[in-house]
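Descriptive structure summary
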Amino acid sequence: MKVLKKTLLLAAIGSSLFATAASAEQVNLTWQMWTGSEADTKGWQHLADMVTAKYPDIKVTLTTTGWVDYWTRLPVLAASGQLADIVSMQSLRMPNFYSLLEPLNDRIAADKFDVGAFTPSIIGGMSVDKQLYGLPYDVGPWVIYYNQDALEAAGIPLPKPGWTLAEFTDAAKKLTKDGKYGFGITPQNYSVLASAWGDKYVNDSGELDLTNPSAVAAAEKVIGFAAKDKVAPLVPSSADAGTVIQGRFYSGNVAMYVDGPWSIIGMKDKVKFKIGSTTLPRGEGELTAVTAGSGFGIATSSKNKDAAWKAIQVLTSPEALQYLAEQGRALPARTAAQSSWYKVAAKDITNGGEAIDYSLAHSVPYVITNNWAAVENLFNQYFPPAFAGSADAKQTMESIQSLAQQ
């Protein structure tokens, strides 16, 4: 009888342990992320696998879309109750979408999670009203990437950080020949370049103000690259202009374009020329470069928030950011990991480290409005016709301003 009881007890314990393990294995998280290349997607999958490696009871299923599609689909998914457990979020869009995400301050306090390990500006960028809604993985300024082979063939000295708009425009003109263009401009470059030149498109009250003389002057310069100077190709209103221009840079059709350190991973395997980088061209004064970054939040609709909290800590861990840095995917949001990006990613880019350092040393907050996603959609719609000469800068800015206020 004692033997039987012992056997039954062990069986019960074993059954209980099996049930616990089986239950744990059923924690399946979904994660939605944008991607720009196959290498990019592989990098994110590697991070998803890192979560399971640390927590075998958690599986993360990654779904990806292109950059523009991601932001178009996000509100649709939210409205239909189909948000992933883990939602990727860019700092510039946090004011528009933070209500979809779980506040993290209480979890951070409970776990004594060290947010001081991250670059302060991106912690601010992922916060609204002092509440953090996402853990950041990268931070970085926009810079100019250039085809070094093309510049050297044209006899153009490699641009140094802090170069002027006049120097930039002169280089773009010399590079525009034989069906190729010196510069690839996109509608969303407007605010980045306007900020670099010190032009204001948001008033002191935080309201969109695209019709003030400074904002219109910046639009004239941006539109002029295509409409006046003819140094930039046209982009269709309905397309993802950023992807189009990036592709033309990769193919050698465009010699210079605006992007950030997050795009280096996509360049390495796609170009057949030496890549260099420098700062955005400055206006009459000092360069005022804007920075941004992205991270991961927990959807308020998630039924696995505790597991998602564990997961996003892994996705932004020192090991994960070290991996992203070494792949060239991201200048890490964790300051301690940034040296890896310089040593591995930036070393393949002429003046890559210098461009980032100079830009960060001359950085300013990226000023946006609460409806910035809608504003950028209007940029995508109304700037391309202006690039083609169908509307001037004043008309373009008045149209966008009017529609953005509706």
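Anyway, here's the lowdown on the structure attached to this text. This structure is a prediction, so every number in the text was calculated from the model and none was measured.

**Here's the deal with the overall build of the protein chain**
Helix and strand content of the protein chain: 18 helices and 11 strands. Since a compact globule built from 406 residues should have a radius of gyration of about 22 Å, the 24 Å found for the protein chain is in line with a globular shape. Based on the C-alpha atoms only, the size of the protein chain along its principal axes is roughly 95 × 45 × 35 Å. Considering the protein chain as a whole, with its 406 residues, one finds that 52% of them fall into the buried category. Taking the contacts inside the protein chain whose residues are at least 6 apart along the sequence as the reference set, 75% of them involve residues at least 24 apart.

**As for unusual backbone geometry**
At K230, a residue that is not glycine, the phi angle is positive and equals roughly 60 degrees. Exposure remark for K230: the relative accessible area of 51% places this residue in the exposed category.

**Digging into the packing of aromatic side chains**
In this structure the tally under the stated criterion is 32 aromatic pairs. Geometrically, the ring pair formed by Y190 and F379 is edge-to-face, given 5.5 Å between the ring centres and 65 degrees between the ring planes. In this pair, Y190 is assigned in helix α9 (residues 189-197) and F379 in helix α17 (residues 372-387), connecting sequence segments 189 residues apart. Under the relative-accessibility criterion, Y190 is labelled buried at 0%. A cation over a ring is seen here: R93 above W71, with NZ or CZ 4.8 Å from the ring centre.

**Thoughts on the pairing of strand β10 (residues 289-298)**
For β10, the buried fraction is high: 10 of the 10 residues fall into the buried class. Both faces of β10 are covered, namely the face carrying A289, T291, G293, G295 and G297 and the face carrying V290, A292, S294, F296 and I298. In this structure, strand β3 (residues 86-90) lies alongside β10, joined through five bridges in antiparallel fashion. Bridge pairing links S88 to F296 in β10. Across six bridges, the pairing between strand β6 (residues 135-141) and β10 is antiparallel. Bridge pairing links P136 to G295 in β10. As paired strands, β10 and strand β11 (residues 363-364) are joined by two bridges and run parallel to one another. From the neighbouring strand, A289 faces β11, where its bridge partner is S363.

**Structural notes on the pattern of salt bridges**
By the definition in use, this model includes eight salt bridges. For D306, the salt bridge is made with R107, and the minimal N-O distance between the two is 3.0 Å. Pair noted here: D306 is in helix α13 (residues 305-315) and R107 is in helix α5 (residues 105-111), with a separation of 199 residues, a long-range link. Residue D306 is classed as exposed on the basis of its relative accessible area, which comes to 53%. For the salt bridge of K394 with E398, the shortest nitrogen-to-oxygen distance reads 2.5 Å.

**Points about helix α3 (residues 67-79)**
Of all bends in α3, the biggest is about 30 degrees, found at R73, and the proline P75 comes one to four residues later. For α3, every residue scored as buried is listed here: Y70, W71, L74 and L77.

Scoring rules and cut-offs
- Residues numbered from 1 in each chain as written.
- Predicted model: local features only at pLDDT ≥ 70, side-chain atom pairs only at ≥ 80, totals over all residues.
- Heavy atoms only, no water.
- Helix = DSSP H or I, 4+ residues; strand = E, 2+ residues; numbered from the N terminus.
- Rg over C-alpha atoms; globule rule 2.2 N^0.38 Å.
- Buried < 20%, exposed > 50% of the residue type's maximum accessible area, 1.4 Å probe, protein only.
- Contact = heavy atoms within 4.5 Å.
- Phe/Tyr/Trp six-rings, centres within 6.5 Å; stacked < 30°, edge-to-face > 60°.
- Lys NZ or Arg CZ within 6 Å of the ring centre and 35° of its normal.
- Pairing = 2+ DSSP bridges.
- Salt bridge = Lys/Arg side-chain N within 4 Å of Asp/Glu carboxyl O.
- Bend = angle between axes of the 7 residues up to and from the residue.

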